[in-house]
Structure formats: C-alpha cells, structure tokens
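# Structural overview for review
Each chain, letter by letter, is given below.
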Amino acid sequence: MAPNLWRAGLSLPLTFLLLAIPAAARAVPEEPRARAAEPEEPRARAAFRVGPVKAAAPAPALPVLERSGAAAGRVYYVDSRKGDDDAQGTSPGKAWRSLGRAGDARLRPGDTLLFKRAGRWKGTLELRGRGTAARRIVVAAYGKGPRPKISGRAGDCVVVKGAYYRISELRASDCGWGGFRIDGRHNDLWDVYADHNVAGVWVTERGGRNVIRNSQMVGNDRMSVNDGEPDNDSGAFGVLLNGDDNRVIGNLISGSYAPSQDYVSDGAAVEVYDGDRNLVTHNMARDNETFAELGHSPGGTARGNRFANNVVTSTRKRGSFLITRGPGHLVGPVLGTVAVNNSVYLPARATIGVSCADGCSAKILVMRNNAIKVGGVVGFEDGSGIDDAGGVYRGRTTGLKLGHRSIRADPGFRSRRDLRLRAGASAIGQGVPLGPSWYGGAGLAHDVAGRPVPRAKNPDSGAYQY
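## Looking at the overall build of the protein
Within the protein, the regular secondary structure consists of 2 helices and 38 strands. A total of 466 residues make up the protein; the buried ones form 62% of that total. Pairs at least 24 apart in sequence give 66% of the contacts found in the protein among residues at least 6 apart. Put simply, the protein shows about 16600 Å² of open surface, and 52% of that area lies on carbon and sulfur atoms.

See below:
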C-alpha cells in the first residue's frame, strides 16, 4: 500500500500516554511540503560513530552473519562526475553516470555494482535483480572520500525490489519518504547511512526476511504531514517495519524525532505496523521520541515481535521505550510482543517506560530481565497486565504490577549515556534464566558487549552483563 495510508491512529501524544488515553483515528497524510536542511557529511564509517558523537560503552559485536558477498560475477562502476551512460560500465575509466543506467543493468547472481565515493546523485536507484543465498548481488562503494550519496524528494532513494542483495556504504539523505525502501526478500543492508528522511529504512508489507545491521539511521526527523488537520501527523522513523520476519541488529538509531502540531513531537527508532515476527536486537538508540511502537491495520496483525538487548538513552524532555496496544484500541490487539534484557534510561520527567493499554494482558506483552530507569512513569498497564519477571525499575511512579524477581530499585547504570552496570548494582544477578530462543537464537544470546548471557544462573537485568 502507499506509504501515506498505513499510519492511521498509531501514535499518542506523550502527555496522553501518561494518562493512558486511547488515540483517535488519523486522517490520510499528504506528501511533505518543506525541504529539510542539508546535513553535514558523516565523518566516520565505524559502527556507532556519527560525526563527533562517540559511544560511551563498547559497541556490540557483529552478529553471527555471513560477511562476504560471495561475488564472482561481473563488476560495474558508477561515477556521478566523470561517468558516461554510453560507456560499458566495466571499469572505473568506463563508468556509467546516472542512477537510471545503473538501475537498468541486468544484475545476476554474483554481480557487483559500485558507486564512486564522494559522488552525489538525485533520484531513485531501483534494484530489481535476483541473487541467490550463495551468490548475492553486491552494491557498495569504491575509491576514497565520503559515502556515495543519493537524495531527492521526488521519491524513495534506494528501492530494493529484488532478492539476495547485499547493500553497503551508501548514504540515502533527504528522500521523498524512505531513504532505503525494501520491497524484496532476503536482502542484507550492512553499514548503510540514512538521514533526514521520513523513514531511514522502510521495509514494506512485501518485504520479508531482510537484515538491517551495523548501520546508522541518524536524524530521520521529518513528518510526512505536519499541518492544522487534527490527529494526522506521522513520521520521523529510524526503521519502519511493515513486513514480516525481518531483523534489525547492531545499529545506531538516533534523532528519530520531529515537531508535530498534533502531538508536540513524534517519532520512533523502530516502528512496527502490520509486521509479524520481526527481531530488533543489540541496537543503540539515542534521543528518539520513542524506541518502539506497534500497531496494525483493521484485519491485519503485528504478532510475535521481539526486542532484545537494546540500549535506549535520551537527553530529550519527552520520551518512551515501548508502546503497544490491547484489543480495545483502533490499531490493536498487538499480540505476542516480547521485550527482554533491554537497558533504558530516560531521565526527563515527561517520560514513560512502557505503555500497554486498552486491554493489556500476557498475550499482548511479555517482559523479562529489563532494566528501566525513567524520570517519569515506569509503565502503564490495564486489564490483567503485563507478564513480567526479572526486571529492575526506577521512576517517580512505577505503574506496573511487578512479576517474579522484579524489583523497584535503581538499576545501577554508570551514567546517563553509559548503561553498563557499576559494581554493586541492583541489576546484577536480578534476572531470570532464559534459553536462547528468547534472544532470537543461540548466535544472539549475548549482551551488547559480546558476553554470553548466563543460562545456568540468574543473569543480570539489562543489556549488559557485569
């Protein structure tokens, strides 16, 4: 479906969340009208570094995933300055020039498409080829300098309609809606950069079994609509998941936040709408309005989504960690969401850790071993409440019925940005033992720094094991 049709009724103003007032239906958004300011070039390609921002704690280890492209086919080159679309494209000296020519290439399994660094293009790169699991189609960069940059409000910048692509090193900035739009399946986005879009990476309802890893979605700070019509604003998504069985692993997602006439501000690091069984794990999230928000369209589902070992911090005056809904909400029920071993610190007063409203129950949300410290309300639940265990919670008010081994205490983070545990912290040994399936499999049953999560004894609550 068109990107401006899915979002009706999803977000609540944070002040309403604190009072657990359900949202009304949203009107259909229009296309954006104002152009965002041109951002500076990113200064570093290493994971979790964006310009002058430095990680306050060790970055998560790269998940156990195939690293090589296994390419052994043809190699094509694209140069925005010296290229020629009438050239063969088979060497740097015979490079193509335009996105259209690159998109028209009949890429086959094992082929590689390389964009010259420091190059800039406006428009859409459409990738339609189909690789295989053994021989992916690789899209990357060559030469020296900043990432190849694709921008332009006429449409989404990088559109992946094919399968088994590995896409890396590209930057998609200030695009029509999505920086990277994934319509296909089995694609791997690795070390990409998306900024100043409505959605940094958008996986549509057709997109499934894709991986977004070790990438940076930074300052995706635009509303698709921000006008005087009530209750219709939406946007500012780091990652938007409308599809099923996707994985969002080891990324830096920051600045998913934009002014909103309807809600004061809005945005989410990861938004799930009509997506089932998505896994969001080992991500660093900073200064977003909300970390995760879930819902579905009438007749749709958003089942079995899992959030594990994420680190969520913010210096903003408002914010939340996770927002989900029961059957009484227009975009509910959101069934089977699991949040496990996340670390959250939102120090401002207008914050909420978790909201599970409109008929919350164990079928809606299960929480295990989370460490959440907020300046506002730890959580809201109604109905029979959240299935909770092993959590450590601190806020002005709690608002949750604590489960087995859950306690009200300061988790013991080192600082507002560094959520590793200090010596003697309350979160040490406070969790409940869990099997690998809770984390998405044995290859992901480790903390953000790469240490295994204990199974034979009580682990620490939160994303870091002491």
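## Topic: the pattern of salt bridges
Enumeration over the complete set of coordinates arrives at 24 salt bridges. R128 is paired through a salt bridge with E126; the nearest N and O atoms lie 3.0 Å apart. Take R128: its relative accessible area is 42%, and that puts it in the partly exposed class. Salt bridges here are not isolated pairs; linked through shared partners, they connect D156, R181, D183, E205 and R206.

## Re the sheet that holds strand β2 (residues 112–116)
Pairing is parallel in the open sheet, where 12 strands are placed in the order β1-β2-β5-β8-β11-β14-β19-β24-β27-β30-β33-β36. For this open sheet the edge positions go to β1 (75–78) and β36 (387–389), each flanked by a neighbour on one side alone. Taken over all neighbouring pairs, the strand axes of this sheet differ in orientation by 10° on average, direction set aside. Here strand β19 (residues 247–249) runs beside strand β24 (residues 279–281); their pairing, made up of 3 bridges, is parallel. Bridge pairing in β24 links R247 to L279.

## A few points about the packing of aromatic side chains
Aromatic rings considered in pairs are described by the distance between their centres and by the relative angle of their planes. Following the criterion strictly, the structure yields 7 aromatic pairs and no others. Both rings, one in F115 and one in W121, keep their centres 5.3 Å apart while their planes meet at 90°; by these two values the pair is edge-to-face. Taken individually, F115 and W121 each receive the classification buried, so the pair is uniform in this respect. What links up through ring pairs into an aromatic cluster is the set F291, F307 and F321. Seen from the ring of Y257, R316 lies directly overhead, with NZ or CZ sitting 3.8 Å from the centre.

## Re the environment of N309
In this structure, N309 sits in the loop between β27 (306–308) and β28 (311–313). Taking the C-alpha atoms as reference points, N309 and S461, 152 residues apart in sequence, are found 9.9 Å from one another.

## Some points on the confidence of the model for the protein
When pLDDT drops low, the exact placement of atoms in the prediction is not to be read closely. Summary statistics for the protein give a mean pLDDT of 87 and a share of 84% for residues scoring 70 or more. Note on residues 1–69: pLDDT is under 50 here. Beyond four places in sequence and across chains, it has 199 contacts.

## Here's the deal with the state of the cysteines
Tallied over the entire structure, the rule returns 2 disulfides. With a sulfur-sulfur separation of 2.0 Å, C157 is cross-linked through a disulfide to C175. On the sign convention where negative is left-handed, the bridge of C157 and C175, at about -105° about the S-S bond, is left-handed. Placement of the pair is C157 in the loop between β6 (149–152) and β7 (158–160) and C175 in strand β9 (residues 171–175), with a sequence separation of 18 residues. With a relative accessible area of 0%, C157 lands in the buried category.

## Focus on the side chain of N305
Topologically, N305 is positioned in the loop between β26 (290–295) and β27. On the accessibility criterion, N305 (0% relative accessible area) is buried. A distance of 2.9 Å separates a polar side-chain atom of N305 from the backbone oxygen of G275. If near-sequence neighbours (up to four positions away) are discounted, N305 is found in contact with V272, G275, D276, R277, N278, L294, G336, T337 and V338.

## As for the side chain of T337
Counting through the fold element by element, T337 comes out in strand β30 (residues 337–340). In this structure T337 comes out as buried when scored by relative accessible area, which is 0%. Once residues within four sequence positions are removed from consideration, T337 is found in contact with L294, N305, F307, L322, T324, I364, L365 and V366.

## Some thoughts on the nonpolar core
L113, F115, I167 and F180 are the most contacted members of the largest nonpolar core, which totals 65 residues. Not counting the four nearest positions on each side in its chain, L113 is found in contact with Y76, V78, W96, A102, L107, L127, V138, V139 and A140. Counting 15 residues, the second-largest nonpolar core is a separate cluster that includes Y345, A371, A425 and Y464.

## Observations concerning the sheet that holds strand β18 (residues 237–241)
Strands sit in the order β4-β7-β10-β13-β18-β23-β26-β29-β32-β35 across an open sheet of 10 strands; the sheet is parallel. Since the sheet does not close on itself, it has two edges, and those belong to β4 (125–127) and β35 (377–381), each with one partner. With direction set aside, neighbouring strand axes in the sheet form an average angle of 10°.

## So, the pairing of β18
The buried fraction of β18 amounts to 5 of the 5 residues, a majority that puts the element mostly inside the structure. Of the pairings in the sheet, the one linking strand β13 (residues 199–203) to β18 comprises 4 bridges and is parallel in character. Along β18, the bridge assignment pairs V201 with V239. Two strands pair when backbone bridges link them, and β18 and strand β23 (residues 268–273) are joined in this way by 4 bridges, in the parallel orientation. Of the residues in β23, the one forming a bridge with L240 is E271.

## Quick look at the pairing of strand β32 (residues 350–357)
By the criterion of burial, β32 is predominantly enclosed, with 7 of the 8 residues buried. Sheet topology note: the strand β29 (residues 318–325)/β32 ladder contains 7 bridges and is parallel. Its bridge partner lying in β32, R325 is registered against A357. Looking at chain direction, β32 and β35 are connected through 4 bridges and run parallel. What sits directly across from V354, in β35, is G379.

Cut-offs and rules
- Residues numbered from 1 in each chain as written.
- Predicted model: local features only at pLDDT ≥ 70, side-chain atom pairs only at ≥ 80, totals over all residues.
- Heavy atoms only, no water.
- Helix = DSSP H or I, 4+ residues; strand = E, 2+ residues; numbered from the N terminus.
- Buried < 20%, exposed > 50% of the residue type's maximum accessible area, 1.4 Å probe, protein only.
- Contact = heavy atoms within 4.5 Å.
- Areas by Shrake-Rupley, 256 points an atom, 1.4 Å probe, with all protein chains shown as cover.
- Salt bridge = Lys/Arg side-chain N within 4 Å of Asp/Glu carboxyl O.
- Pairing = 2+ DSSP bridges.
- Axes fitted to C-alpha atoms, helices over the stretch in contact; angles between N-to-C directions.
- Phe/Tyr/Trp six-rings, centres within 6.5 Å; stacked < 30°, edge-to-face > 60°.
- Lys NZ or Arg CZ within 6 Å of the ring centre and 35° of its normal.
- pLDDT = per-residue confidence, 0-100.
- Disulfide = S-S within 2.5 Å.
- Polar contact = N/O pair within 3.5 Å; in protein donor to acceptor, adjacent residues only side chain to side chain.
- Core = buried A, V, L, I, M, F, W, Y, C linked by side-chain atoms within 4.5 Å.

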